Amino acid sequence: MQNIKIALCILAIIPVLGVNVNGQSLDAMIDRDIASWLTTYRNLHMAPELSHREEKTSAFVAGELRKLGFTVTERIGKYQNEQWLGYGIVGVLKNGPGPTVLVRTELDALPVEEKTGLPYTSNVKTKNDLGVEVSVMHACGHDIHMTSFLGTAKMLTELKSRWSGTLVMLGQPAEETGDGANAMLRDNLYTSIPKPDFAIALHDKPELETGKVGYTPGYAMASATSIDIKIRGIGGHGSAPELAKDPIVVAAQVVMALQTIVSRENSPLDPAVVTVGSIHGGTRYNIIPDEVNLQLTVRTYKEEVRKRVLASIERIVKGVVATAGIPEDRAPVIKIAEGTGSTYNEPKLVDRLVVAFKQALGDENVVQMPPMMASEDFGYFSLDHKIPATIFWLGASDPAKVKQSRESGVPLPGLHSALFAPVPEPTLRTGVKAMTSAVLDLMKK
Ligand SMILES: [Zn+2]
Ligand SMILES: [Zn+2]
């Protein structure tokens, strides 16, 4: 009997040790659970909720974490708009001394009408903030992220003997609107849970083959700031411009003058974008309108560059308007929104995780990727770079389609597209394996 017991003990230990040897046992655990994760993924995909409305999604993720033994707090988040409820959730699992590692998933979906034709297509419709009915879709893959996140939580609870520290699994609402991370921090997140020593997230990437992960050291995503500009002139008859101050001509000059910020005022070594995405004014051929409204997005990596670009926009708008002779009481109105900070992947943390990823997935499945000027609010969890943080990319497309797309130059349906359809199984396997390996490395005994 004694010998049998010892043999059974050894058998029980082997798969766990295998995680550190060649990843075999983690693969076996993933094989065992993949069918249930695919069901979770499809269910989440068919029940997307808009930003600020993640009530059922957050309750589901919280419930799953609770079943795994996490101490869960729900309804975290304070928005500036008090009508929105905070649906942030946090699950904490304390497992001895050691670092605190935060793993983030987003919870929200987008107002997009799905056109993938998949059997688990979302048919959800809901009213948006303006009371208009919109279709809703997980067109950014946050359902892939949530499923990988729950799979990772399960793997780590089963592998508790291999790590020591505190695991914080965080579900963030309102990523798409860029205000969810800040809403959670504003609600005293870091005093109600252990403040993390590291923060990690993943995001799926249609341009990358499923089975692979990508990494970008340093600045990976830009800050995004929305700006509304109202240029006020003096309206009049289209036949008598001398009696008016034409805001359309002034707006046109402003749009052109803004182009000199990036090209002439900014260092070429500091990436920045100033885009005028919307311009509206006037009603018909022969009326000079009273005002023209512009909407801009500004993207930068560094905060000092963002501040300088915003100051330049104000100076140029006011200057062009003054040059046109528009009186002071018709000065332009410039509104700068809260915005989203940039994402900085702490290079030492990235280096460390790349080693863990290569061990888990093989060298050929871990690739460096260029930074981009899209944005995401995960960076706020680093408290302005004080906490080492990184987001890594999770390949989501059939390798044959990626190859075809690269050869033809025709891009695959991207994030936020009505046709975005990540390949579920290999993507979820890789997401769970990569994230579990990353946390095990940061908290290894
Ligand atoms: Zn998105
Ligand atoms: Zn996203």
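From a predicted model like this one, the values you see are computed outputs, not experimental measurements.

Structural notes on the coordination of the zinc ion (ligand 2)
- Protein coordination at the zinc ion (ligand 2) comes from C140 (SG), H142 (NE2) and H203 (NE2), with a distance range of 2.1 to 2.3 Å.
- In the primary sequence, the donor residues of the zinc ion (ligand 2) line up as C-x1-H-x60-H.

Focus on the environment of P206
- Along the chain, P206 turns up in strand β7 (residues 198-209).
- Using a relative accessible area of 2% as the deciding quantity, one classes P206 as buried.
- Taking C-alpha positions, P206 is 26 Å from S226, a pair spaced 20 residues apart along the chain.
- Discounting residues that sit within four places of it in the chain, P206 has contacts with S397, V402, L412, P413, G414, L415 and F420.

A closer look at the packing of aromatic side chains
- Evaluated as defined, the whole model comprises six aromatic pairs.
- Consider the rings of Y219 and Y301, whose centres lie 5.5 Å apart with planes at 20°: the pair is stacked. Residue Y219 is located in strand β9 (residues 218-221), and its partner Y301 is located in the loop between β14 (291-300) and α8 (303-323); the two are separated by 82 residues in the primary sequence.
- Classification of Y219 by relative accessible area gives partly exposed; the value is 24%.
- Residue Y301 is classed as buried on the basis of its relative accessible area of 10%.

Section: the sheet that holds strand β15 (residues 333-336)
- The four strands are arranged β12-β14-β10-β15 in an open sheet whose pairing can be described as antiparallel. Each edge of the open sheet carries a strand with a single partner, namely β12 (272-281) and β15. Strand after strand, the sheet turns through a mean of 15° between neighbouring axes, direction not considered.
- Examined bridge by bridge, strand β10 (residues 223-232) and β15 share four bridges and lie antiparallel to one another. Across the sheet, D228 pairs through a bridge with K335, a residue of β15.
- Relative to β12, helix α7 (residues 247-265) is tilted by about 170°, and along the sheet it contacts β10, β12 and β14.
- Running over the sheet, α8 touches β10, β12, β14 and β15 and is turned about 10° from β10.

Points about the pairing of β10
- Judged from the ten bridges that link them, β10 and β14 form a sheet pairing that is antiparallel. Residue pairing for β14: R232 is matched across the bridge by E291.

Regarding the sheet that holds strand β8 (residues 213-215)
- If you trace the eight strands from one edge of the open sheet to the other, you get β1-β2-β6-β3-β7-β18-β8-β17, paired in mixed fashion. The open sheet has two edge strands with one neighbour each: β1 (71-78) and β17 (366-368). Each neighbouring strand pair of the sheet contributes to a mean axis angle of 30°, computed without reference to strand direction.
- In this fold helix α3 (residues 55-67) packs onto β1, β2 (85-95) and β6 (165-172), with an angle of close to 155° to the strand it touches most, β1.
- Contacts between helix α10 (residues 399-408) and the sheet are confined to β7 and β18 (389-397), with β7 contributing the most and set at about 65° to the helix.

Some details on the coordination of the zinc ion (ligand 1)
- The coordination sphere of the zinc ion (ligand 1) contains the protein donors C140 (SG), E176 (OE), E176 (OE) and H416 (NE2), at a distance range of 2.0 to 2.4 Å.
- In this structure, the zinc ion (ligand 1) is coordinated by four donor atoms arranged in irregular fashion, with angles at the metal of 55 to 149°.
- Site description for the zinc ion (ligand 1): donor spacing in sequence, C-x35-E-x239-H.
- Residue C140 is classed as buried on the basis of its relative accessible area, which comes to 5%.

Let's talk about the layout of surface pockets
- Its volume calculated, the largest pocket comes out at about 870 Å³.
- Surrounding the largest pocket, 36 residues form its lining, E176, A224, R299, T340 and S375 being those nearest its centre.
- Secondary-structure elements contributing two or more residues to the lining of the largest pocket are β7, β10, β12 and β14.
- When residues in the lining of the largest pocket are grouped by element, the largest group, five residues, is from β10.
- Here the residues of the lining of the largest pocket sort into ten nonpolar, 15 polar and eleven charged.

Notes on the pattern of salt bridges
- Under the defined criterion, the tally for this structure stands at 26 salt bridges.
- Between R104 and E106 there is a salt bridge, and its shortest N-O distance comes to 3.1 Å.
- Within the structure, one salt-bridge network assembled from shared partners comprises R32, D33, K154 and E158.

Observations concerning the side chain of T147
- Of note, T147 is situated in helix α4 (residues 142-158).
- Within the structure, the side chain of T147 is placed 2.7 Å from the backbone oxygen of D143, a separation counted as a polar contact.

So, the packing of α7 against α8
- At their nearest, the axes of α7 and α8 sit 9 Å apart, and the two run at 145° to each other. With respect to the hand of their crossing, α7 and α8 are arranged in right-handed fashion. The segment α7 lies against α8, with V250, Q253, V254, A257, L258, T260, I261 and E265 engaging V309, S312, I313, R315, I316, V317, V320 and V321.

Section: the side chain of D33
- Residue position: D33 is located in helix α2 (residues 24-45).
- Here the side chain of D33 touches K154 through a polar contact of 2.9 Å, side chain to side chain.
- Setting aside residues up to four positions removed in sequence, D33 forms contacts with K154, M155 and E158.

Reading the values: rules and limits
- Residues numbered from 1 in each chain as written.
- Chains lettered and ligands numbered in written order.
- Predicted model: local features only at pLDDT ≥ 70, side-chain atom pairs only at ≥ 80, totals over all residues.
- Heavy atoms only, no water.
- Donors = N, O, S within 2.8 Å, 3.2 Å for Na, K, Ca; no water.
- Helix = DSSP H or I, 4+ residues; strand = E, 2+ residues; numbered from the N terminus.
- Buried < 20%, exposed > 50% of the residue type's maximum accessible area, 1.4 Å probe, protein only.
- Contact = heavy atoms within 4.5 Å.
- Phe/Tyr/Trp six-rings, centres within 6.5 Å; stacked < 30°, edge-to-face > 60°.
- Pairing = 2+ DSSP bridges.
- Axes fitted to C-alpha atoms, helices over the stretch in contact; angles between N-to-C directions.
- Tetrahedral: all angles 85-135°; square planar, octahedral: opposite > 155°, others 65-115°.
- 1 Å grid on protein atoms, 1.4 Å probe; cavity = no way out; pocket = protein on both sides within 12 Å on 5 of 7 lines; lining within 4 Å.
- Points joined across faces, edges and corners; volume = space filled by probe spheres on them.
- Nonpolar A, V, L, I, M, F, W, Y, C, P; charged D, E, K, R; others polar.
- Salt bridge = Lys/Arg side-chain N within 4 Å of Asp/Glu carboxyl O.
- Polar contact = N/O pair within 3.5 Å; in protein donor to acceptor, adjacent residues only side chain to side chain.
- Left-handed = near helix turned anticlockwise from the far one by under 90°.

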